[in-house]
Amino acid sequence: QVQLVESGGGSVQAGGSLRLSCVVSGYTVSSACMGWFRQAPGKEREGVATINGYTTFGDSVKGRFAISKDNVKNTLYLQMSNLKPEDTAMYYCAAAPRVTCSRGFVYWGQGTQVTVSS
């Protein structure tokens, strides 16, 4: 059974930082396409960052967020700095086979809430 469990969310003031973690079981992070997504109430789900041999970032977070993997811990991370109120959202990690990543992510976590206040 594949499970992705996010943690590390919380409330922070603008300009602060957080590191989100996604512990994966039943799937190997090192051989997978991994990504972070977020969704705020009333808004569409937004891609934040992906890692699949290389990294990509959404324009709104580029230069502020970093994505990384720990293959030993089988964990995905999202380091967020200089947080802004518009970063407030539920953050989800996701996984897919590398060869089919462009077709969409197939495994999803339950999410962790990030709230950034002014």
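### Examining the overall build of the protein
- Secondary structure summary: the protein contains zero helices and eleven strands in total.
- Written out in order from the N terminus, the α and β elements of the protein read β-β-β-β-β-β-β-β-β-β-β.
- Since a compact globule built from 118 residues should have a radius of gyration of about 13 Å, the 13 Å found for the protein is in line with a globular shape.
- With the principal axes as the frame, the protein shows a C-alpha extent of 40 × 25 × 25 Å.
- The buried share of the protein, taken over its 118 residues, is 42%.
- Sequence separation of at least 24 residues holds for 58% of the intrachain contacts in the protein that already meet a minimum separation of 6.
- Roughly 6200 Å² of accessible area belongs to the protein as shown, and the carbon and sulfur atoms make up 47% of that amount.
- Taken as two groups, the 11 positive and 7 negative side-chain charges of the protein have centres that lie 6 Å from each other.

### Things to note about the nonpolar core
- M34, W36, L78, M80 and Y91 are the most contacted members of the largest nonpolar core, which totals 28 residues.
- Once residues within four sequence positions are removed from consideration, Y91 is found in contact with E6, L20, F37, R38, V48, F65, L78, M80, G111, T112 and V114.
- F37, A94, C101 and F105 belong to the second largest nonpolar core, which has six residues in total.

### Side note on the state of the cysteines
- Tallying each qualifying case throughout the model produces two disulfides.
- Paired by a disulfide, C22 and C93 hold their sulfur atoms 1.9 Å apart. When the S-S torsion is 50°, as for the bridge of C22 with C93, the disulfide is right-handed. Taken together, the residues span a long stretch of sequence, with C22 in strand β3 (residues 18-25) and C93 in strand β9 (residues 89-97) at a distance of 71 residues.
- Residue C93 is classed as buried on the basis of its relative accessible area, which comes to 0%.
- Put simply, C33 and C101 are joined by a disulfide, and their sulfur atoms are 1.9 Å apart. Of the two residues, C33 sits in strand β4 (residues 32-39) while C101 sits in the loop between β9 and β10 (107-108), which places them 68 residues apart along the sequence.
- Residue classification places C101 among the buried residues on the basis of a relative accessible area of 13%.

Calculation notes
Residues numbered from 1 in each chain as written. Predicted model: local features only at pLDDT ≥ 70, side-chain atom pairs only at ≥ 80, totals over all residues. Heavy atoms only, no water. Helix = DSSP H or I, 4+ residues; strand = E, 2+ residues; numbered from the N terminus. Rg over C-alpha atoms; globule rule 2.2 N^0.38 Å. Buried < 20%, exposed > 50% of the residue type's maximum accessible area, 1.4 Å probe, protein only. Contact = heavy atoms within 4.5 Å. Areas by Shrake-Rupley, 256 points an atom, 1.4 Å probe, with all protein chains shown as cover. Lys, Arg positive; Asp, Glu negative; His and termini not counted. Charge placed at Lys NZ, Arg CZ, Asp CG, Glu CD. Core = buried A, V, L, I, M, F, W, Y, C linked by side-chain atoms within 4.5 Å. Disulfide = S-S within 2.5 Å.

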